Amino acid sequence: MRAFEANFDGLVGPTHNYAGLSFGNVASQSNAQAVSNPKAAALQGLEKMWSVKQLGLHQGVLAPQQRPDIHTLKTLGFSGSNGQILQQAYDTAPHLLMACYSASSMWTANAATVSPSADSRDNKVHFTPANLVNKFHRAIEHDVTGRILGATFNHADHFHHHAALPAHDMFGDEGAANHTRLCRDYGQAGVQLFVFGQHGSDPSQPKPQRYPARQTLEASQAVARLHQLDDARTVYLQQNPDVIDQGVFHNDVIAVGNQNVLFYHEQAFLDTEAKLAEIQRKFGDSELHFIRVGTDQVSIDNAVRSYLFNTQILTLPSGEMVIVAPTECQDNAQVNQYLQSLVAAANPISNVLFYNVKQSMQNGGGPACLRLRVALTDTELAAVNQATLLDAGQHQALQDWVNGHYRDQLTLNDLRDPSLLEESLTALDRLTQILNLGSVYPFQRD
């Protein structure tokens, strides 16, 4: 049966703003309190999705979270009408208000970890929503994420949905941003790589000192068990604590893989040579390309600024591999020079396509952050909620939806405006109709 990789990108929500909530994410913190443009952000994301679809690939859409999260604000002791709750939070705890307004679910690489049916004992596609416990503004996402995933991949014969791991530091889980899969073909059993930042139960092991490690070994092992993976085809790698302390908050800021290619910076991992040997051994005798980027070729600082590794490596229907990169990679002289040498070298990557996702980049997420990768067979694709798959009609409908509901500008002062809440809920209610999701949001279920 034919198999392929589909990309499901997160729609940027109507409350996209720059609050600088993500400690350890340099771009997020450096752009705190800048004026955002939610409409431009959503349209930029849609344009990237449509461009990938035009390449001949399968492209899906994942809905954003309900924001502001009034329920969480009530749980934290704010009371009264919605307008009073927003004003109270703005006056007395603006950091909590900003967290409950965050549109960070746009970065669906953090939504969940996904394992394809070719790798799981029960031959189903497995989904585990990330608990994201390291950041409060993201730790409140996973319940709704689970419902959105369930409404998108909504056939129990093909898809197995798990609950998020326990919300404890030992099981800190950031989803697919710290996970990749190598394979000969998307429909054949592959090798799954879980990258962790620290051991959750052993403080004597190496860990970063400046910024938090958001993924633990224990979380990665738990997801592998839930997904019924074969130990003989699973590898656990520790991210280099030194690069976490330089702003590499997820593995997808320093490494990315696709099929038989692992594209990584030489400082990405601990015990690199031994781990690459383990990957090769578990992958088998087929050709595996380890594309190593040296510090003399691209510095860690330039890798983080440009998001060289937070790119999508896509296999086109022709079999050609291309990189989808943000325009920041083109604008960075060292990175652009490296990319030109990469496509000229003897490896499967033959071209680089640059896209403008500046609104996302300024908040700390590149092209790879915006998508969740799901390997599917033809039968499994047919079982997906078809309204969530992008075609010309849905692309136009979503563009019209954004243009009809989103603001051009948003400041932190706007977050206390009750009309922004009403605008957001109206937009999300319409979106669930466009995507045929049913009542996934709390305001639709109360």
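This structure is a prediction, so every number in the text was calculated from the model and none was measured.

Looking at the sheet that holds strand β3 (residues 112-115)
(1) Moving on: Across the sheet, 3 strands lie side by side as β3-β4-β5; this open sheet has mixed pairing. Looking at the sheet topology across the chains shown, the edges are occupied by β3 and β5 (159-161). With strand direction ignored, the average angle separating the axes of adjacent strands in the sheet is 15°.
(2) Moving on: Where strand β4 (residues 125-129) meets β5, 3 bridges bridge the pair, whose relative direction is parallel. Residue pairing in the sheet places F127 in a bridge with H161 of β5.
(3) Moving on: Contacting β3, β4 and β5, helix α7 (residues 142-152) runs over the sheet at an angle of about 160° to β4.

Observations concerning the pattern of salt bridges
Two side chains of opposite charge can pair, provided their charged atoms sit close to one another.
(1) Moving on: Counting across every chain of the model gives 15 salt bridges.
(2) Moving on: With a shortest N-O distance of 2.8 Å, R305 and D301 are connected by a salt bridge. One end of the pair, R305, and the other, D301, are both in helix α11 (residues 300-306), 4 residues apart, so they sit about a helical turn from each other.
(3) Moving on: The partner of E328 in a salt bridge is K358, with the nearest N and O atoms 3.5 Å apart. Within this pair, whereas E328 is found in helix α12 (residues 327-331), its partner K358 is found in helix α14 (residues 358-361), the two being separated by 30 residues in sequence.
(4) Moving on: K358 gets classed as partly exposed once you look at its relative accessible area, which sits at 32%.
(5) Moving on: One network of salt bridges, in which partners are shared, links K275, E278 and K282.

Thoughts on the nonpolar core
(1) Moving on: Counting 73 residues, the largest nonpolar core has I279, V374, L376, L398 and L431 as its most contacted members.
(2) Moving on: With 5 residues, helix α2 (residues 38-54) is the single largest residue contributor to this core.
(3) Moving on: Beyond its immediate stretch of four places on either side in the chain, I279 contacts L182, L193, V235, L237, L262, L288 and F290.

Re the packing of aromatic side chains
(1) Moving on: Taken as a whole, this structure holds 10 aromatic pairs when the rule is applied.
(2) Moving on: In this structure an aromatic cluster arises from ring pairing among F8, F127, F153 and F159.
(3) Moving on: Here R184 stacks its cationic end above the ring of F283, 4.9 Å away from the centre of that ring.

Remarks on the sheet that holds strand β2 (residues 59-62)
(1) Moving on: The 3 strands are arranged β2-β1-β15 in an open sheet whose pairing can be described as mixed. Single-partner strands in this sheet number two, and they are β2 and β15 (371-377). Averaged over all pairs of adjacent strands, the angle between their axes in this sheet comes to 30°, without regard to strand direction.
(2) Moving on: Examined bridge by bridge, strand β1 (residues 3-10) and β2 share 4 bridges and lie parallel to one another. Opposite N7, over in β2, you have Q59 as the bridge partner.
(3) Moving on: On top of the sheet, α2 reaches β1 and β2; it is set at about 155° to β2, its chief contact.

The rules behind each value
- Residues numbered from 1 in each chain as written.
- Predicted model: local features only at pLDDT ≥ 70, side-chain atom pairs only at ≥ 80, totals over all residues.
- Heavy atoms only, no water.
- Pairing = 2+ DSSP bridges.
- Helix = DSSP H or I, 4+ residues; strand = E, 2+ residues; numbered from the N terminus.
- Axes fitted to C-alpha atoms, helices over the stretch in contact; angles between N-to-C directions.
- Contact = heavy atoms within 4.5 Å.
- Salt bridge = Lys/Arg side-chain N within 4 Å of Asp/Glu carboxyl O.
- Buried < 20%, exposed > 50% of the residue type's maximum accessible area, 1.4 Å probe, protein only.
- Core = buried A, V, L, I, M, F, W, Y, C linked by side-chain atoms within 4.5 Å.
- Phe/Tyr/Trp six-rings, centres within 6.5 Å; stacked < 30°, edge-to-face > 60°.
- Lys NZ or Arg CZ within 6 Å of the ring centre and 35° of its normal.

These results come straight from atomic positions and should not be treated as a statement about function.
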